[in-house]
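Report on the structure
Each chain is listed here by its residues.
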Amino acid sequence: MSTEGKSWGKKEDIGDENTEQAKFANKDNTPGAMHRPATKFHNKIGSSEFPAESNNRYHLYVSESCPWAHRCHIVWRLKSLQNIVGLTLTGWKLENISHTPPFDDYHGWDFVESGSGSYSYSEPNGFKFIEDLYENAHPGYRQEWESRGQRPYYAVPVLYDTKTEKIVSSESAEIIQMLNEAFEEFAPKRNLEPADLKSKMEEVNSIVYPTINDGVYRCGFAGSQEAYENAYKSHWEGMDKIEALLGEQRFLTGEEFTLSDVRLWTTLARYDTVYFSHFKTNRSMIKDMPNLYRFLRDVYRIEGVKSTLNLEWIKKHYYWSQRMVNPTGIWPLGMATEDESYWEKSDDLPPVYTL
């Protein structure tokens, strides 16, 4: 009996060679291998159409559950952009996710009206779902995907221009770069992508993205045993490389904290709660890998990072929303990461890093 299932994405949806997804594409041609579709919007703050402004013209949409969006939330905090770029958090639910059509009931991340307790974040532009934002900025977006038999890719983060009602970018790697540099004249803070470290950053990103950031998804969303085993092997090759690297230095490029560290951290922050069990990456927990665990706790203490981590919503999102992985939708209790001591242990850490 065949055990092959439907995986997410097709190679033809990866996009042109300039996308992050194409640059670090899954090279596994095994049936059931996951291929992350390319993000759609790749404009830039600082262009003639999208000049840098300090009046909340630009609005950032993120989910606290999503590691890609979490990158942007962290950089937004670290760069002190709270009064320059607006921010809206979505809820934790992604309802009706399916790899097979019909996709009529899938609308992406939701927004919750004020007054609903802890699950309440108002949406200032009148959108009920992320789908509404995408369709407003790019009419026919859903149809473009459904015509290829694909679920519409309503990705977060989204950097949105409230003046033109256009999406500037839906690519997290590009958005964190823009947040880092585009608003410097309004909120000067330490550069998280210094020119002298760019080559080192690119080198570590080429390991971290395919084997760790996307690597956990390639394990969890694999549609066949062979595809899973290939992804699992690649994932742990990458994890072991980064574990060894962090045994030699504080951060990924040396002693200076950069955007590359942000990219790694949001995956590690979810690891023992979600990926270890839910995505079957279960060789080792982060808490059992001394250098990765030290890095995880070290970054957690940087001012502005802790406040962006919502483990309750992370756990609920993955276990409840991804029914193709966890059909019951039941989330676990009693996880080590839910004890503050998991994060606060500091006897082996250097002084708190300051930006």
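For the structure itself, look to the data block above.
Here goes a summary of the coordinates provided.

Criteria and thresholds
Residues numbered from 1 in each chain as written. Predicted model: local features only at pLDDT ≥ 70, side-chain atom pairs only at ≥ 80, totals over all residues. Heavy atoms only, no water. Helix = DSSP H or I, 4+ residues; strand = E, 2+ residues; numbered from the N terminus. Rg over C-alpha atoms; globule rule 2.2 N^0.38 Å. Buried < 20%, exposed > 50% of the residue type's maximum accessible area, 1.4 Å probe, protein only. Contact = heavy atoms within 4.5 Å. Pairing = 2+ DSSP bridges. Axes fitted to C-alpha atoms, helices over the stretch in contact; angles between N-to-C directions. 1 Å grid on protein atoms, 1.4 Å probe; cavity = no way out; pocket = protein on both sides within 12 Å on 5 of 7 lines; lining within 4 Å. Points joined across faces, edges and corners; volume = space filled by probe spheres on them. Nonpolar A, V, L, I, M, F, W, Y, C, P; charged D, E, K, R; others polar. Salt bridge = Lys/Arg side-chain N within 4 Å of Asp/Glu carboxyl O. Core = buried A, V, L, I, M, F, W, Y, C linked by side-chain atoms within 4.5 Å. Phe/Tyr/Trp six-rings, centres within 6.5 Å; stacked < 30°, edge-to-face > 60°. Lys NZ or Arg CZ within 6 Å of the ring centre and 35° of its normal.

1. Things to note about the overall build of the protein
Along the protein, the regular secondary structure elements total 12 helices and 4 strands. Over its C-alpha trace the protein gives a radius of gyration of 19 Å, about what one expects of a compact globule, namely 20 Å for 355 residues. In terms of overall dimensions, the protein has a C-alpha envelope of 60 × 55 × 45 Å along the principal axes. In the protein, buried positions account for 57% of the 355 residues. Of the contacts formed within the protein by residues at least 6 apart in sequence, a portion of 73% connects residues at least 24 apart.

2. Section: the sheet that holds strand β2 (residues 86-89)
In spatial order, the strands read β2-β1-β3-β4; together these 4 strands make up an open sheet with mixed pairing. Edge positions in the sheet fall to β2 and β4 (166-169), since each has one partner strand and no second. Averaged over all pairs of adjacent strands, the angle between strand axes in this sheet comes to 30 degrees, irrespective of strand direction. Of the strand pairs in this sheet, strand β3 (residues 158-161) and β4 are connected by 3 bridges, and their pairing is antiparallel. Paired with Asp161 across the strands is Lys166, a residue of β4. Strands in contact with helix α2 (residues 67-78) are β1 (58-62) and β2; relative to β1, the strand with the most contacts, it is inclined by about 130 degrees.

3. Focus on the layout of surface pockets
The computed volume of the largest pocket comes to approximately 400 Å³. What lines the largest pocket is a set of 17 residues, among which Glu20, Lys23, Ala173, Gln177 and Arg263 lie closest to the centre. Sorting the residues of the lining of the largest pocket by element identifies α1 (20-23), α5 (172-181), α6 (198-213) and α9 (259-278) as the ones contributing at least two each. Element by element, the count of residues in the lining of the largest pocket is highest for α5, at 5 residues. Class assignment of the residues belonging to the lining of the largest pocket gives a composition of 5 nonpolar, 4 polar and 8 charged.

4. Some details on the environment of Asp196
Its location among the elements puts Asp196 in the loop between α5 and α6. Owing to a relative accessible area of 62%, Asp196 belongs among the exposed residues under this scheme. In sequence terms Asp196 and Tyr61 are 135 residues apart; their C-alpha atoms lie 31 Å from each other.

5. A closer look at the pattern of salt bridges
This structure, assessed with the given rule, holds 21 salt bridges. Linking Arg142 and Glu131 is a salt bridge whose minimum nitrogen-to-oxygen distance equals 2.9 Å. Here Glu131 lies in helix α3 (residues 130-137) and Arg142 lies in helix α4 (residues 141-146), a separation of 11 residues in the sequence. Each member of the pair, Arg142 as well as Glu131, is classed as buried. Here Lys315 makes a salt bridge to Glu338, at a shortest N to O gap of 2.6 Å. Pair noted here: Lys315 is in helix α11 (residues 311-321) and Glu338 is in the loop between α11 and α12 (340-344), with a separation of 23 residues, a long-range link. The class for Lys315 is buried, based on a relative accessible area of 5%.

6. As for the nonpolar core
Counting residues in each nonpolar core, the largest one holds 97 residues, and the members touching the most others are Tyr134 and Trp265. When residues in this core are grouped by element, the largest group, 9 residues, is from α9. Excluding residues within four positions of it along the chain, Tyr134 makes contact with Phe41, Tyr141, Tyr153, Tyr154, Ala155, Val158, Ile167 and Ser170.

7. Describing the pairing of β3
A two-sided burial pattern is seen for β3, the buried positions comprising Val158 and Tyr160 on one face and Leu159 and Asp161 on the other. Pairing geometry for β1 and β3, over 4 bridges, is antiparallel. Pairing of Leu60 across the sheet is with Leu159, part of β3.

8. So, helix α10 (residues 290-300)
Buried residues dominate α10, accounting for 9 of its 11 residues. Those residues of α10 not exposed but buried are Leu292, Tyr293, Arg294, Phe295, Leu296, Arg297, Asp298, Val299 and Tyr300. Buried positions along α10 lie against α8 (225-245), α9 and α12.

9. As for the environment of Pro210
Here Pro210 shows up in helix α6. For the pair Pro210 and Val325, spaced 115 residues apart in the sequence, the C-alpha separation amounts to 21 Å. Leaving out residues up to four positions away in the same chain, Pro210 has contacts with Phe24, Asn205, Gly215 and Arg218.

10. Observations regarding the packing of aromatic side chains
This model, assessed by the stated rule, comprises 35 aromatic pairs. Considering the side-chain rings of Trp68 and Tyr209, the 5.6 Å spacing of their centres and the 50 degrees angle between planes classify their relative orientation as tilted. Of this pair, Trp68 sits in helix α2 while Tyr209 is found in helix α6, placing the two residues 141 residues apart along the sequence. Residue classification places Tyr209 among the buried residues on the basis of a relative accessible area of 2%. Members of the aromatic cluster, each reached through a chain of ring pairs, are Phe24, Trp68, Tyr209, Tyr217, Phe221, Trp236, Tyr271, Tyr275, Phe279 and Tyr318. A cation over a ring is seen here: Arg36 above Tyr217, with NZ or CZ 4.7 Å from the ring centre. Looking at Arg323, its charged tip hangs above the ring of Trp320, at a distance of 4.9 Å from the centre.

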